Amino acid sequence: MKWIYEPWPWYVSGPLIAAVMAALLFAGKNFGMSSNLRTLCSAFGAGKHCDFFCFDWRGQRWNLWVIAGAIAGGFIAMHFLSDNPVPQINPEVVAALKQRGFTSAGSSYLPVELFGNTAFTSVKTIILLLTGGFFIGFGARYAGGCTSGHAISGLSNLQLPSLIAVAGFFIGGLLMVHLLFPIIFN
């Protein structure tokens, strides 16, 4: 069982992802997580109030199983297949994060300063979470898909908009980490 506790190398996980994508392409399906929000809203009747949600959501039911599998798989992996649920972080990064007030860096999977229950007592943290959530939701809709949809499904379909979107995701991430993060957390 030791092999299941370790991250799988690219030459194993890459072909597995490629095989799943080939099967989806063969079946005429597109992979993406953000489209499930539209499917769920439509299933619960949002189409009565907004034309965007007025479509045959039953044709996308299969993708809802992807969400269920991701949640169940994450739970199983975290609670039953992990020796150490805290990722290894470079000690210099841990020191830099601790200087910025993230005392949980290197000792928890997510920074409890942002995602713990005490985070909801800070107005700054609530504003950051709401703003970030809005930008992620708006960006996924505006880009026509989320990072997984564009990077995995769109690129495997050789779609130029997905290549542009993925480049934008990386540029946005670099700008956030190197320019905005130091301003926000100083």
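Above this text is the structure in question.
In this report, we go over the structure that sits alongside the text. (Residues numbered from 1 in each chain as written. Predicted model: local features only at pLDDT ≥ 70, side-chain atom pairs only at ≥ 80, totals over all residues. Heavy atoms only, no water.)

### Re the overall build of the chain
For the chain, the count of helices and strands is 9 helices and 0 strands. Overall, the chain shows an N-to-C arrangement of helices and strands of α-α-α-α-α-α-α-α-α. Classification of the 186 residues of the chain by burial places 19% in the buried group. Here the contacts in the chain between residues at least 6 apart in sequence split such that 47% fall between residues at least 24 apart. Total accessible area on the chain stands at roughly 13,400 Å², and carbon and sulfur atoms take up 72% of it. Taking the average place of the 10 positive charges on the side chains of the chain and the average place of its 6 negative ones, the gap between the two points comes to 10 Å. (Helix = DSSP H or I, 4+ residues; strand = E, 2+ residues; numbered from the N terminus. Buried < 20%, exposed > 50% of the residue type's maximum accessible area, 1.4 Å probe, protein only. Contact = heavy atoms within 4.5 Å. Areas by Shrake-Rupley, 256 points an atom, 1.4 Å probe, with all protein chains shown as cover. Lys, Arg positive; Asp, Glu negative; His and termini not counted. Charge placed at Lys NZ, Arg CZ, Asp CG, Glu CD.)

### Points about helix H3 (residues 35-43)
Taken together, the buried positions of H3 are occupied by Asn36, Thr39 and Ser42. When H3 is viewed along its axis, its buried side chains cluster within an angular range of 125 degrees and face the same direction. Where H3 is buried, its residues touch helix H4 (61-80). Looking at the residues trailing H3, positive phi occurs at Gly45, about 95 degrees. (Arc of directions from axis to C-beta.)

### Observations concerning the packing of aromatic side chains
For the structure shown, the criterion picks out 6 aromatic pairs. Their ring planes at 20 degrees and their centres at 6.0 Å tell us that Phe102 and Phe181 sit as a pair that is stacked. Of the two residues, Phe102 is situated in the loop between helix H5 (91-99) and helix H6 (112-115) and Phe181 in helix H9 (residues 160-184); the sequence distance between them amounts to 79 residues. Judged by relative accessible area, which is 6%, Phe102 ranks as buried. One aromatic cluster in this structure is built from Phe134, Phe135 and Phe138. The ring of Phe52 carries the charged tip of Arg38 above its face, separated from the ring centre by 4.3 Å. (Phe/Tyr/Trp six-rings, centres within 6.5 Å; stacked < 30°, edge-to-face > 60°. Lys NZ or Arg CZ within 6 Å of the ring centre and 35° of its normal.)

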